[in-house]
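# A look at the structure
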Amino acid sequence: PNDNQPHWILEGLAVAMESRHTTAGRLRATQFDMFLRADVLEKNIASLDKISHSVRRWPSGNLWYLYGSSFTDWISRTYGPDTFAAVAADYGQFIIPFGINRSIRRATGRTYPELYRGWIAYLEKRYAAQVEAVRRRGLREGKRITFGGRVAAYPRFVPAQCAPGSASKILYFRDDGDRTAGLYQVALSGEQHGLELVTRTLGQNAAFDPECGLVFDHLAASRRRYFFNDLFRQLPGTRSPRGTEHNRVRLTTGRRAHSPDVSPDGRQVVYVTGRLGTTMLRIADLSPGFEITNERQLAASGRFEQVFTPRFSPDGRRVAYGVWTRGGYRDIRIVDTRTGRVTELMHDRALDQQPAWSPDGRYLFFTSDRTGIPNVYAYELEAHTLHQVTNVITGAYMPEVSPDGKWLVYVGYTAQGFDLYVTELDRRRFLPAEPYSEPRGTPVEDPVEKFWRIETYNPLSSLRPRAYNFSYGPGTFGDALVISTTGFDVVGYHAFAASLAVESELGEPQASLDYIYGRLPFDFRVSAFRSAAPRIAFKIGDQQSIVTEHALGVTTGIAYGIPGDFESQQVALSYTIVNFDQRLPVAKRADPFVPVTREPHHGYLGLVRVGYSYSNAEGSLWGISSEKGISVSAALDYAANETGSESTLTAVSAHATAYVLMPWAAHHVLAFGASGGAAVGTYPRRGLYYTGGFADLPLVDAFTSGIRQSSFVLRGYRPAQFVGTDYNLLNFEYRFPLAYPERGLSTLPIFLRTVSGAVFTDIGGAYDRIDQNRPFSVFHVGVGAELWLDVIFGYFVSGTVRLGLAHGLDKQAPGFRPYAAVSAAF
């Protein structure tokens, strides 16, 4: 029962515990505190309904951890450390879920909404005092030049020779939830004067080489198909907005390499690689053809130490970088590239990070949270003195100094996320750095190291069921009792799932057992099943005979995924052998007036299936469906005597979708869908295809079962109105968002995320043959409109409710047809 609580309780308690029982934890993280401080100061506090569900607003899923940890910690400190133990014991006694206010009221005398108001009042008082202390020293803030929010990172000034005839430009990583994420260029005067996507990437760090090429990191598939960070080079003067063009060259493969910086002479590149939980500082030579050679470790890393964001000095003789070491120390170091001699600038538990050099090499700029608020500092190398450059209310990160030394660009923060800020770099406005005080307590001593004997791995010791699930509800024949379980070994080589269902009317079991072996280059699956289903044995006029069809079979197959940059492909091959058995009940006495029957279908079907799929479709945070790209899939089913089948079957089916983002309004999309299939053979139900509208099913059942209706429908007609061995279907939809309410009712388990709409035209039909005189008579047209409600029930289960009105345009249409269905958009 305790699993059926809002996310902020489950995740917030976990963060509160990590902070209570260690000297780390996100409750001590200054960035987490900055997130909350900005929300309070900007009157952007998330309400209880928002933190209880999944929302788009920044910082999205982090709201559960951010608000939940601070709120539950405040409750524990106010009412005692055993408060939530009492809540868990009380809530866990009740089978009926969601009565969370009842349990907290018994422990504290107040409900969560009442406590929430008290917590907000506490935060307002706390942050008002913090801001007053900042203002007393004098603000040192820059001018905001980007307004995307969410994620902005690692600004770099574009060299003058790489942008001739234009004002100063800055390259930085941007992911604002609207545009394609990647490396963008923006004018120093601000994004209103131009914002350009240079290359799409899943990395954030980039550096220019002397030829104006761009060396950057990106998460890409390795030779073994696993995704690792690697280094790429964008060719000079080119763009790769889709990320798959030939304008970029891969420099490393499978190296777990990131955070590159190129030396001023272009002969070397420094970056970070990872192995066995430790990251290391590497340096390599860049050949004239920009190939990485002679890679070597530049500075030693102790076990589990982490290295960050190396930067060459202006003369190329030194590299500054951040490092995390045991005990929670995050500091700045400088290494001599010729001798390997390392100098540590500080050693404390402040987060000192993201170094950047001044053009003359006199100062090293970096970010530190030594005062509790992240700010930019300047370390004067010869004088060994520390200066505070910014003094902001929220936070300042990732400094970058212009080549002429006049401007400082940094990443600042508002309640909408991160953006770029610029300020004039005036040495006279530097503040003396305040002494560091330790807010995080004494570091925990390292545990005594233990060693275990290396043995051959045996999966049987951990391959067992992990949980059992019992359910009772509607089944195929009356109500059904279903028992299911899943299991896996600790390494993940083997996994299985099993279920057993007993129908109240049929009285015989239905069962399935699925197994996956995951140590091969592809996934290998095998399934065994026994099922029973009602079938129509024959139909004469209004009279039909229903029999029970029993199926006993085995399916085995492989699926091979082919990952790519922003696209995916998969090839699948499977074989199914199944025995169908249907028997008509025979009366003891013959009746001469009963219509003559036929023997129901039975026998073996041996089926080979080959499938292929490809997709480069993409969406955005605020999109209501996919917005760009295409998806295609096709499958061939074949059964014959050669495959062990008593019946023959050849069936081909395919689906394709395409999306075009409209230029005149945000997230308006024109979506196209095409699907079809054809089947021949002696198998009685060969490729039995059907088209029609949505089935009339209870909406609640869709959320409780998790089963969604297909989005490939012929609206304006009855469900499965057209049936045949062939079918074709075209869907055209114009989709548009109407509102993003993201509202619920306090802590109640219901939430409305998005309201959107669509107008559509469907063309299609299912048929056995085409009349050559009227070839288009098998196709039917439906038009209409839908209102989409993106909702969440029970804190965790989401779905799109489509409320529509459709009208078929031919004489077989039943007239205007309203409907309600739970179905995702194609």
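Check the entry above for the structure.
Description of the structure in this document. Because the structure is a prediction, the values reported are computed rather than measured.

Before going further, it helps to examine the overall build of the protein. Assigned secondary structure in the protein consists of eight helices and 44 strands. On the principal axes, the C-alpha backbone points of the protein span a range of 115 × 70 × 65 Å. For the protein, the proportion of its 826 residues judged to be buried stands at 46%. Excluding contacts between residues fewer than 6 apart, the proportion of contacts in the protein whose partners are at least 24 apart in sequence is 54%. Total accessible area on the protein stands at roughly 40,400 Å², and carbon and sulfur atoms take up 56% of it. Within the protein, the 81 negative side-chain charges are centred at a point lying 2 Å from the centre of the 87 positive side-chain charges.

Right, let's get into helix H5 (residues 83-91). When we look at burial in H5, the residues that qualify are Thr83, Phe84, Val87, Asp90 and Tyr91. Considered in projection along H5, the buried side chains sweep an arc of 120° and stay on one side of the axis. Those residues of H5 hidden inside the fold are in contact with helix H1 (7-20), helix H4 (62-79), helix H6 (100-108) and helix H7 (112-137).

A word on unusual backbone geometry. Residues Trp58 and Pro59 are joined by a peptide bond in cis, for which omega reads 0°. Positive phi, normally seen in glycine, also occurs at Tyr154, with a value near 50°. Among the structural elements, Tyr154 can be located in strand E2 (residues 151-157). A relative accessible area of 17% places Tyr154 in the buried class. The phi angle at Phe304 is positive, at roughly 70°, despite the residue not being glycine.

The subject of this paragraph is empty space enclosed by the protein. Summed over all chains, the structure comprises one cavity of 30 Å³ or more. Volume-wise, the largest cavity comes out at about 120 Å³. Lining the largest cavity are 13 residues, and of these Tyr154, Arg156, Asn205, Thr309 and Arg311 sit closest to its centre. Within the residue set of the lining of the largest cavity, elements represented by two or more residues are E2, strand E10 (257-262), strand E14 (306-312), strand E18 (353-357) and strand E22 (396-401). Per-element tally for the lining of the largest cavity: the top contributor is E14, with three residues. Residues that form the lining of the largest cavity fall into these classes: seven nonpolar, four polar and two charged.

With that settled, the discussion passes to the state of the cysteines. One pass over the structure, following the stated rule, counts one disulfide. A sulfur-sulfur distance of 2.1 Å marks the disulfide that ties Cys162 to Cys212. In this structure the cystine formed by Cys162 and Cys212 twists about its S-S bond by roughly -90°; its chirality is therefore left-handed. Of the two residues, Cys162 sits in the loop between E2 and strand E3 (169-175) while Cys212 sits in the loop between strand E6 (206-208) and strand E7 (214-221), which places them 50 residues apart along the sequence. According to the relative accessible area criterion, Cys162 is partly exposed, its value standing at 22%.

For the rest of this paragraph, the subject is the environment of Arg135. Within the secondary structure, Arg135 sits in helix H7. A C-alpha to C-alpha distance of 73 Å links Arg135 and Pro509, two positions 374 residues apart in sequence.

All right, on to the packing of H1 against H4 then. Where H1 contacts H4, the two axes come as close as 7 Å, and the packing angle between them is 70°. Judged by the angle between their axes, H1 and H4 are roughly perpendicular. Viewed along their axes, H1 and H4 form a crossing whose handedness is right-handed. On the side of H1, the interface is formed by His7, Trp8, Glu11, Gly12, Leu13, Val15, Ala16 and Arg20, while H4 contributes Trp64, Tyr65, Gly68, Ser69, Phe71, Thr72, Asp73 and Ser76.

Let us now look at the sheet that holds strand E11 (residues 268-275). Across the sheet, which stays open at both edges, the four strands sit in the order E10-E11-E12-E13 with antiparallel pairing between neighbours. The open sheet terminates on both sides in strands that have one partner only, identified here as E10 and strand E13 (292-299). Averaged over all adjacent pairs, the angle separating strand axes in this sheet is 30°, with direction ignored.

We now examine the sheet that holds strand E17 (residues 342-344). Spatially, E14-E15-E16-E17 is the arrangement adopted by the four strands of the open sheet, whose pairing is antiparallel. A strand with exactly one partner marks an edge of an open sheet, and here the two such strands are E14 and E17. Averaged over all pairs of adjacent strands, the angle between strand axes in this sheet comes to 25°, irrespective of strand direction. In this sheet, E17 lies alongside strand E16 (residues 329-336) in antiparallel orientation, the contact comprising three bridges. Each bridged residue has a counterpart across the sheet, and for Ile334 the counterpart in E17 is Thr343.

Time to look at the packing of aromatic side chains. Across all of its chains, the model carries 32 aromatic pairs by this definition. Plain terms: the ring middles of Phe712 and Phe826 are 5.5 Å apart, the flat faces sit at 20° to each other, and that makes the pair stacked. With Phe712 in the loop between helix H8 (699-705) and strand E38 (722-724) and Phe826 in the segment after strand E44 (816-822), the pair connects residues that are 114 residues apart, well separated along the chain. Members of the aromatic cluster, joined through ring pairs, are Trp8, Tyr67, Phe71, Tyr112, Tyr116 and Trp119. Over the face of the ring belonging to Phe232 we find Arg248, whose NZ or CZ atom lies 5.5 Å from the ring centre. Between the NZ or CZ atom of Arg715 and the centre of the ring of Phe760, over which it lies, the distance is 3.7 Å.

Now for the side chain of Thr643. Locating Thr643 in the fold gives a position in the loop between strand E34 (629-639) and strand E35 (649-661). At 2.8 Å, the side chain of Thr643 forms a polar contact with the backbone oxygen of Ala640.

Here we come to a nonpolar patch on the surface. On the surface, Tyr560, Ile562, Val571, Tyr612, Ile630 and Val632 cluster together into a nonpolar patch covering about 430 Å² of accessible area. Taken together, the elements giving at least two residues each to the nonpolar patch come down to strand E31 (543-564) and E34. Within the secondary structure, Val632 sits in strand E34.

So, how was this worked out
- Residues numbered from 1 in each chain as written.
- Predicted model: local features only at pLDDT ≥ 70, side-chain atom pairs only at ≥ 80, totals over all residues.
- Heavy atoms only, no water.
- Helix = DSSP H or I, 4+ residues; strand = E, 2+ residues; numbered from the N terminus.
- Buried < 20%, exposed > 50% of the residue type's maximum accessible area, 1.4 Å probe, protein only.
- Contact = heavy atoms within 4.5 Å.
- Areas by Shrake-Rupley, 256 points an atom, 1.4 Å probe, with all protein chains shown as cover.
- Lys, Arg positive; Asp, Glu negative; His and termini not counted.
- Charge placed at Lys NZ, Arg CZ, Asp CG, Glu CD.
- Arc of directions from axis to C-beta.
- 1 Å grid on protein atoms, 1.4 Å probe; cavity = no way out; pocket = protein on both sides within 12 Å on 5 of 7 lines; lining within 4 Å.
- Points joined across faces, edges and corners; volume = space filled by probe spheres on them.
- Nonpolar A, V, L, I, M, F, W, Y, C, P; charged D, E, K, R; others polar.
- Disulfide = S-S within 2.5 Å.
- Axes fitted to C-alpha atoms, helices over the stretch in contact; angles between N-to-C directions.
- Parallel < 35°, antiparallel > 145°, perpendicular 65-115°, else oblique.
- Left-handed = near helix turned anticlockwise from the far one by under 90°.
- Pairing = 2+ DSSP bridges.
- Phe/Tyr/Trp six-rings, centres within 6.5 Å; stacked < 30°, edge-to-face > 60°.
- Lys NZ or Arg CZ within 6 Å of the ring centre and 35° of its normal.
- Polar contact = N/O pair within 3.5 Å; in protein donor to acceptor, adjacent residues only side chain to side chain.
- Patch = residues over 30% accessible without salt bridge, like charges linked within 9 Å, V, L, I, M, F, W, Y side chains within 5 Å.
- Salt bridge = Lys/Arg side-chain N within 4 Å of Asp/Glu carboxyl O.

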